[in-house]
Amino acid sequence: MTTPSFTKGSVLAQALTEAQIECEVLWPNDAEYTARVQSYWSQQARLQPACIVRPRSASEVSTVVKTLANKKVQFAVRSGGHTPHAGANNINNGVTIDLSLLNWTRFDAASETVDLGPGGRWRDVYSELDKHGRIVAGGRNGTVGVGGLILGGGISFSTGRRGFTCDDVISFEVVLADGRIVTATADEYSDLFFALKGGSNNFGIVTNYKMHALKSDGIFGGLKIYPKQVTPQATEALVRFTASVESDPDSHMLWFHTYTGEFDAASGRMSTTPDFKDIVVVVAIAQLAGIADAPAYHGFKELPAIMDTCKQTTVLGGVSEYDVSPGDHQSTFYTATFANDARIVAKATELHERLVNDLKALIPDGDFTTQCLLQPLPKAYGQTSARNGGNVMGVQNQRVDGLLFVAIVLLKTPAQQAFAYPRIRAWVAELKAYAATIENGNLDWVYLNYADGSQDPLRSYGVENVRRMKLAAAKYDPDQVFQKLCVGGFKISHVADEKIQSRLPQGSNPDGNRSWLGVVWDWLMPGRR
């Protein structure tokens, strides 16, 4: 490996050189370095690491992690690079471990399983599996990376049948902080297996996901676009649809009240250059059994559509149908979960329209995109997860049928972002205050994959699941490499300590030197963070 002259003598260059790392290392004066930085989905995520390391195997990931840990070099981990806020999957001045070369999709017909590399994109996964008439319970946006979606929980077209994406994982191959490579399943490293299902990057770097392969003969899906005047009727249809999921788990939907960009009628894809210059309602449909007139969607049947792209297609076609790319825009996601109540949806759309008007006053040419996105989150989703072994997210404890809400705003400049960001937070705060006036109106769960960097999704998983994540992190990473050196993402060490009620497991910690009790006690004590 050759390093540029201006980096020689630095701790970072010395560490990589001494380790004789064979994987690709990109430095700031390399053209490919610039290309990888620019390939992040959101403008805010395009930071300037001291270098980008692109391993090709779990063993190379192991060497990189051990080296950085030994030299106390801070690093970030990137799968697809889709999380929008700064620092989640990239870093200034440290090392970004870019997993894009770990991008395989390997179907095994004998076991009906699929091995997925963390650096793949879901469109590539479905493209390969389509050759075999198979899918997985994976992402719904083809540009999203495999690793980040699964570790954050993941919602798929199959969630009604299979639970969350992480619930359909059979095993995780994980590189731990000390460089060991282990395979976590429901039977081996079961505590790590459970914690990874929604626990993000707190425990190691996952280098392979083995999932169930699912047969698929095609779906019925596409987009229906309605004028904003039908928002009240579309709201009632959304609420009825959500209540029907338990009886019709093959019908899936995303519901948008959106100030949209230009709409390409040929592809059905929305871009970020506004053309309508007004709010519309967009319903994204995916009926996994291929039923064109499934009863769950009947509430939308009589509404006058501006456009309807629904047809017999495949999951690959479905994930290509809807994609909002921020291009060179700033982007913000902010999420919450509410009861399945038409009054709350009406308030959300009212507040969304107010934000759009504020942005129109600031941006006369209307070059921005906003979305008030609502998705069914029925109790049945959590119950299905529980039947499949459960996950760390705590959704199985949900009291009533819910709606997963996310505010999405795409803007051109940092100044526009600075104007909009407090208004986005105020939108969500006002909506939560309104929902508090309705019995069970606010639900606890904060979906990590939609969360803003200021939010605290791990806390929303509940006291017991926080405890289990802290115990797993202490056991598999006693030196807190993934808490202190891997600085991006939502850290379990940042969640306030809770009293541990149950008896701690006995035995030795991974380094074999200290007792379990000592390691865990020290790690959880105030002041350790």
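Anything mentioned here points back to the structure above.
Source: prediction; values computed, not measured. (Residues numbered from 1 in each chain as written. Predicted model: local features only at pLDDT ≥ 70, side-chain atom pairs only at ≥ 80, totals over all residues. Heavy atoms only, no water.)

Trainee: Quick rundown of the nonpolar core? Include the residues and the values.
Mentor: Trp 122, Phe 172 and Phe 405 are the most contacted members of the largest nonpolar core, which has 123 residues in total. Tallying contributions element by element places strand β19 (residues 402-411) first for this core, with nine residues. Both domains that furnish three or more residues to this core are identified here as domain 2 (105-215) and domain 3 (219-459). With near-sequence residues (within four places) excluded, Phe 405 lies in contact with Tyr 334, Thr 335, Ala 336, Phe 338, Ala 348, Cys 372, Leu 373, Leu 374, Trp 427, Val 428 and Leu 431. Residues Ile 21, Val 25, Ala 58 and Val 61 belong to the second largest nonpolar core, which totals 28 residues. (Core = buried A, V, L, I, M, F, W, Y, C linked by side-chain atoms within 4.5 Å. Buried < 20%, exposed > 50% of the residue type's maximum accessible area, 1.4 Å probe, protein only. Helix = DSSP H or I, 4+ residues; strand = E, 2+ residues; numbered from the N terminus. Domains from an automatic or database assignment. Contact = heavy atoms within 4.5 Å.)

Trainee: Break down the pattern of salt bridges for me, citing the residues and quoting the values.
Mentor: Pairing is possible between side chains of opposite charge, provided their charged atoms come close. Summed over all chains, the structure comprises 21 salt bridges. Here Asp 250 makes a salt bridge to Arg 161, at a shortest N to O gap of 2.9 Å. Separated by 89 residues along the polypeptide, Asp 250 in the loop between α8 (231-244) and β13 (251-264) and Arg 161 in helix α6 (residues 159-162) bring together distant segments of the chain. With a shortest N-O distance of 3.3 Å, Asp 293 and Lys 301 are connected by a salt bridge. Owing to a relative accessible area of 41%, Asp 293 belongs among the partly exposed residues under this scheme. (Salt bridge = Lys/Arg side-chain N within 4 Å of Asp/Glu carboxyl O.)

Trainee: Give a detailed account of the packing of aromatic side chains, specifying residues and quantitative values.
Mentor: The way to describe two aromatic rings as a pair is by their centre distance and the angle between their planes. Within the structure shown, the criterion is met by 16 aromatic pairs. Where Tyr 226 meets Phe 300, the ring centres are 6.3 Å apart and the plane angle is 25 degrees; that geometry is what we call stacked. One end of the pair, Tyr 226, is in strand β12 (residues 219-227); the other, Phe 300, is in the loop between β14 (269-287) and β15 (307-308), with 74 residues separating them in the sequence. For Phe 300, a relative accessible area of 2% translates into the label buried. Joined through ring pairs, the aromatic side chains of Trp 41, Phe 164, Phe 333, Tyr 381, Trp 445, Tyr 447 and Tyr 450 make up one cluster. Residue placement shows Arg 78 over the ring face of Tyr 40; its charged tip is 3.9 Å from the ring centre. Directly above the aromatic system of Phe 194 lies the positively charged group of Arg 468, at a separation of 3.7 Å from the ring centroid. (Phe/Tyr/Trp six-rings, centres within 6.5 Å; stacked < 30°, edge-to-face > 60°. Lys NZ or Arg CZ within 6 Å of the ring centre and 35° of its normal.)

Trainee: Describe the sheet that holds strand β8 (residues 169-175), naming the residues involved and giving the relevant values.
Mentor: Pairing is antiparallel in the open sheet, where five strands are placed in the order β5-β6-β10-β8-β9. Each end of this open sheet is capped by a strand with a single partner; those strands are β5 (105-108) and β9 (181-184). Looking at each pair of strands side by side, their axes are set apart by 15 degrees on average, direction ignored. Both β5 and strand β6 (residues 113-116) contribute to a ladder of four bridges, which runs antiparallel. Bridged to Phe 107 within β6 is Val 114. Sheet contacts for helix α4 (residues 122-130): β5, β6 and β10 (205-212); angle to β5, the most-contacted strand, approximately 35 degrees. (Pairing = 2+ DSSP bridges. Axes fitted to C-alpha atoms, helices over the stretch in contact; angles between N-to-C directions.)

Trainee: Go over the environment of Arg 78 with me, naming the residues and quoting the values.
Mentor: Counting through the fold element by element, Arg 78 comes out in strand β3 (residues 75-78). When residues no more than four places from it in sequence are discounted, the contact partners of Arg 78 are Arg 36, Ser 39, Tyr 40, Asn 89, Thr 96, Ile 97, Asp 98, Leu 99 and Arg 121. A distance of 3.0 Å separates polar atoms of two side chains, one belonging to Arg 78 and the other to Ser 39. (Polar contact = N/O pair within 3.5 Å; in protein donor to acceptor, adjacent residues only side chain to side chain.)

Trainee: Give me the lowdown on the sheet that holds strand β1 (residues 24-26), citing residues and values where you can.
Mentor: Backbone hydrogen bonds hold the strands of a sheet together, and the pairing may be parallel or antiparallel. Pairing within the open sheet is mixed, and its four strands lie in the order β1-β2-β4-β3. Since the sheet does not close on itself, it has two edges, and those belong to β1 and β3, each with one partner. Taken over all neighbouring pairs, the strand axes of this sheet differ in orientation by 20 degrees on average, direction set aside. Lying on the sheet, helix α3 (residues 58-70) is in contact with β2 (51-54), β3 and β4 (95-98); it crosses β4 at an angle near 165 degrees.

Trainee: Quick rundown of the environment of Ala 386? Include the residues and the values.
Mentor: Position of Ala 386 among the secondary structure elements: in helix α11 (residues 379-387). Under the relative-accessibility criterion, Ala 386 is labelled partly exposed at 36%. Considered as a pair, Ala 386 and Gly 163 are 223 residues apart in the sequence and their alpha carbons are 8.3 Å apart.

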